[in-house]
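Spelled out, the chains give:
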Amino acid sequence: MTVMISLKPDIQRTSPQPAPLPVSVIEVRPETVPVVITGYGRARAVNTVILSARVSGVLDEVSPLLKPGSILPAGGWVARIDDPDLKHRETAAQAQITGLEEQIRELRVTHASQKERLKIALRNQALFRTDYDRTRGLIKNKAAARASLDQAERALNQARDMASMLTLKVQAFPHILSRQISRLEEKKAELALIRNDIRHCRVISPLSARICSVSVEKGQYVTKGQELAVLADDQLLEIEVAADIRDVRQWLLFDSPIQPVSVNGFAGIQPVNCRIFIAGEDNGRFNPGMLHRAVRFDEQIHALILAVRTDTNSLPGTELPRLAEGMLCRVDIEGAFMKNVFALPGETVSFEKTVFVCRNNRLETVRVDVIRSQNGMTYVRGGLNPG
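These numbers were taken from a predicted model, which means no experiment stands behind them.

## Looking at the overall build of the protein chain
Stage number 1. Looking only at helices and strands, the protein chain features 4 helices and 18 strands.
Stage number 2. Going through the 387 residues of the protein chain one by one, you find that 32% of them count as buried.
Stage number 3. Looking at the protein chain alone, contacts between residues at least 24 apart form 72% of all its contacts between residues at least 6 apart.
Stage number 4. Counting only carbon and sulfur atoms, one obtains 53% of the accessible surface of the protein chain, whose full area is about 24,800 Å².

## Examining the pattern of salt bridges
Stage number 1. If you walk through the whole model with that rule in mind, you get 17 salt bridges.
Stage number 2. The partner of Arg-29 in a salt bridge is Glu-27, with the nearest N and O atoms 2.6 Å apart.
Stage number 3. Residue class for Arg-29 comes out partly exposed when judged on its relative accessible area of 47%.
Stage number 4. A relative accessible area of 56% places Glu-27 in the exposed class.
Stage number 5. Between Lys-187 and Glu-190 there is a salt bridge, and its shortest N-O distance comes to 3.5 Å. Of this pair, Lys-187 and Glu-190 are both found in helix 3 (residues 146-199), 3 residues apart, which corresponds to roughly one turn of the helix.
Stage number 6. For Glu-190, a relative accessible area of 33% corresponds to the partly exposed category.
Stage number 7. If you follow the salt bridges from partner to partner, you end up with Asp-60, Glu-61 and Arg-80 in one network.

## What about the sheet that holds strand 3 (residues 57-62)?
Stage number 1. Taking strand neighbours across the sheet as the criterion, the 4 strands line up as 6-5-3-8 in an open arrangement whose pairing is antiparallel. If you trace the sheet from one side to the other, it starts and ends with strand 6 (202-204) and strand 8 (221-222), each paired once.
Stage number 2. In this structure, strand 3 lies alongside strand 8, joined through 2 bridges in antiparallel fashion. When the sheet's bridge partners are listed, Gly-57 is paired in strand 8 with Val-222.

## Observations regarding unusual backbone geometry
Stage number 1. Positive phi is not limited to glycine here, since His-302 has a value of about 50°.
Stage number 2. Here His-302 shows up in the loop between strand 12 (287-298) and strand 13 (303-311).
Stage number 3. Backbone geometry places Lys-353, a non-glycine residue, at a positive phi of 60°.
Stage number 4. As for its position among the elements, Lys-353 is in the loop between strand 14 (328-345) and strand 15 (354-359).

## Remarks on the environment of Leu-122
Stage number 1. With respect to the element layout, Leu-122 can be found in helix 2 (residues 85-140).
Stage number 2. Separated by 42 residues in the primary sequence, Leu-122 and Ser-164 place their C-alpha atoms 9.0 Å from one another.

## Side note on the nonpolar core
Stage number 1. In this structure, Leu-252, Leu-291, Leu-306, Val-331 and Ile-333 are the most contacted members of the largest nonpolar core, which totals 34 residues.
Stage number 2. Contributions of two or more residues to this core are made by strand 1 (31-45), strand 10 (236-244), helix 4 (245-251), strand 11 (273-278), strand 12, strand 13 and strand 14.
Stage number 3. For this core, the element with the most residues is strand 14, which contributes 7 residues.
Stage number 4. Those residues within four positions of Leu-252 in sequence are excluded, and the remaining contacts are Ile-37, Asp-247, Ile-269, Leu-306, Ile-333 and Glu-334.
Stage number 5. The next biggest cluster of nonpolar side chains, apart from the first, holds 29 residues, and it includes Leu-59, Ile-104, Phe-173 and Leu-231.

## What to know about the sheet that holds strand 7 (residues 209-214)
Stage number 1. Read across the open sheet, the 4 strands follow the order 2-9-7-4; overall the sheet is antiparallel. At either margin of the open sheet sits one strand with a lone partner, and together these are strand 2 (48-52) and strand 4 (71-72).
Stage number 2. With 2 bridges connecting them, strand 4 and strand 7 associate as antiparallel partners. Counterpart to Leu-72 in the pairing with strand 7 is Ala-209.

## Structural notes on the pairing of strand 16 (residues 362-367)
Stage number 1. Here 6 bridges tie strand 15 to strand 16, and the two strands are oriented antiparallel to one another. Considered in strand 16, the bridge of Val-355 is made with Val-366.
Stage number 2. Remark: 2 residues form the turn of the hairpin made by strand 15 and strand 16, two consecutive strands paired antiparallel; Asn-360 in that turn has positive phi of roughly 55°.

## Remarks on the packing of aromatic side chains
Here the distance between the centres and the angle between the planes together describe a pair of aromatic rings.
Stage number 1. Here the structure, examined in full by the defined rule, presents 1 aromatic pair.
Stage number 2. With a centroid separation of 5.5 Å and 50° between ring planes, the pair formed by Phe-277 and Phe-286 is classed as tilted.
Stage number 3. Accessibility expressed as a relative area gives 10% for Phe-277, which makes it buried.
Stage number 4. Residue class for Phe-286 comes out partly exposed when judged on its relative accessible area of 32%.
Stage number 5. Between the NZ or CZ atom of Arg-330 and the centre of the ring of Phe-277, over which it lies, the distance is 4.2 Å.

## Side note on the environment of Pro-271
Stage number 1. As for its position among the elements, Pro-271 is in the loop between helix 4 and strand 11.
Stage number 2. Taking C-alpha positions, Pro-271 is 5.8 Å from His-292, a pair spaced 21 residues apart along the chain.
Stage number 3. Look past the residues within four positions of Pro-271 in its chain and what remains in contact with it is Met-290 and Leu-291.

## Considerations on helix 3
Because the α-helix completes a turn every 3.6 residues, residues three or four places apart line up on one side.
Stage number 1. Taking 1.5 Å per residue, 54 residues should reach 80 Å; helix 3 reaches 79 Å between its end C-alpha atoms and fits that length.
Stage number 2. A bend of about 40° at Ala-172 is the largest found in helix 3, and the proline Pro-174 appears one to four places after it.

## Concerning the side chain of Ser-63
Stage number 1. Structurally, Ser-63 is set in the loop between strand 3 and strand 4.
Stage number 2. For Ser-63, a relative accessible area of 7% puts it in the buried group.
Stage number 3. With residues up to four places along the chain from it excluded, the contact list for Ser-63 reads Trp-77 and Val-78.

About the cut-offs
- Residues numbered from 1 in each chain as written.
- Predicted model: local features only at pLDDT ≥ 70, side-chain atom pairs only at ≥ 80, totals over all residues.
- Heavy atoms only, no water.
- Helix = DSSP H or I, 4+ residues; strand = E, 2+ residues; numbered from the N terminus.
- Buried < 20%, exposed > 50% of the residue type's maximum accessible area, 1.4 Å probe, protein only.
- Contact = heavy atoms within 4.5 Å.
- Areas by Shrake-Rupley, 256 points an atom, 1.4 Å probe, with all protein chains shown as cover.
- Salt bridge = Lys/Arg side-chain N within 4 Å of Asp/Glu carboxyl O.
- Pairing = 2+ DSSP bridges.
- Core = buried A, V, L, I, M, F, W, Y, C linked by side-chain atoms within 4.5 Å.
- Phe/Tyr/Trp six-rings, centres within 6.5 Å; stacked < 30°, edge-to-face > 60°.
- Lys NZ or Arg CZ within 6 Å of the ring centre and 35° of its normal.
- Expected span 1.5 Å × (residues − 1).
- Bend = angle between axes of the 7 residues up to and from the residue.

Here you go:
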């Protein structure tokens, strides 16, 4: 037994070596990256029109396009309202206008005649006055009878009365004429309103738009002002998205370098380009848009509601995703630029704001300053060197 132990070789002890780990390494360089603020919202038509009846009557004709979802061309016929009373009112108003025009013509002719008669009456008055004075002188000289003076005075009074009456008529003519002209203009305005109502018996679409809803049907009696249909112009759409107030203050561009103190005072936000994607579609196609304005501040979610607008017909000939009212959209709003930052995949940065750096084939933990995370990437400064 002793011999066997002595023949056993000595065991050499070595320190354990760590097993190599396979890792993926990326090279980083400082770069300038635009900030993108992302939000979600539903598209809403900016121009919405409520078609209403301008007259009362029965819908005796309805366009076959009058149904939800149809596209009406600008100036397209929608429906016709039958109101037979309008034709009778138009005829009566036209007859009254014709009568008033004839009265005005007669007034002008009569006025010209009365002016001539007034000249004659004034001349007769002067003649009868001369005759009266001559007869009165003869009476004083006892060369004429008293009856002659009475007769001359009677003739003078009649001439005065005729001249006074004609003078009043001539002076009253402008007032009478003005009153008749006012009545004529009133009747013409009434006729214009009646004819306007007759034109409105034919309901016309004021713009090229999509029919959102229809409230009536053929044969139904409608009253003036009653809603017939609601139209929406899908060409100009607006999307309201919520943006974190911190992102707004830090990254959005303002007309003034001094940002507003009140969260309700973001009136100076600059319009910037936006990209609008249909939510759920990952084909990379988007509609261009523009930041339009700040709508309001939502205290519950502590976010600023921004309005982004897009003109779906602004780029003719391009294959863009067709946006329509009600679609849920993802909106990317361009902000300021992050300068001298390193772009890292989001999973490489821990919650403790550290990353692994390969130095001399060894992994080291380095603390970094996280500037922003967006689109799956995290942008950092500090702790890293190019390479």
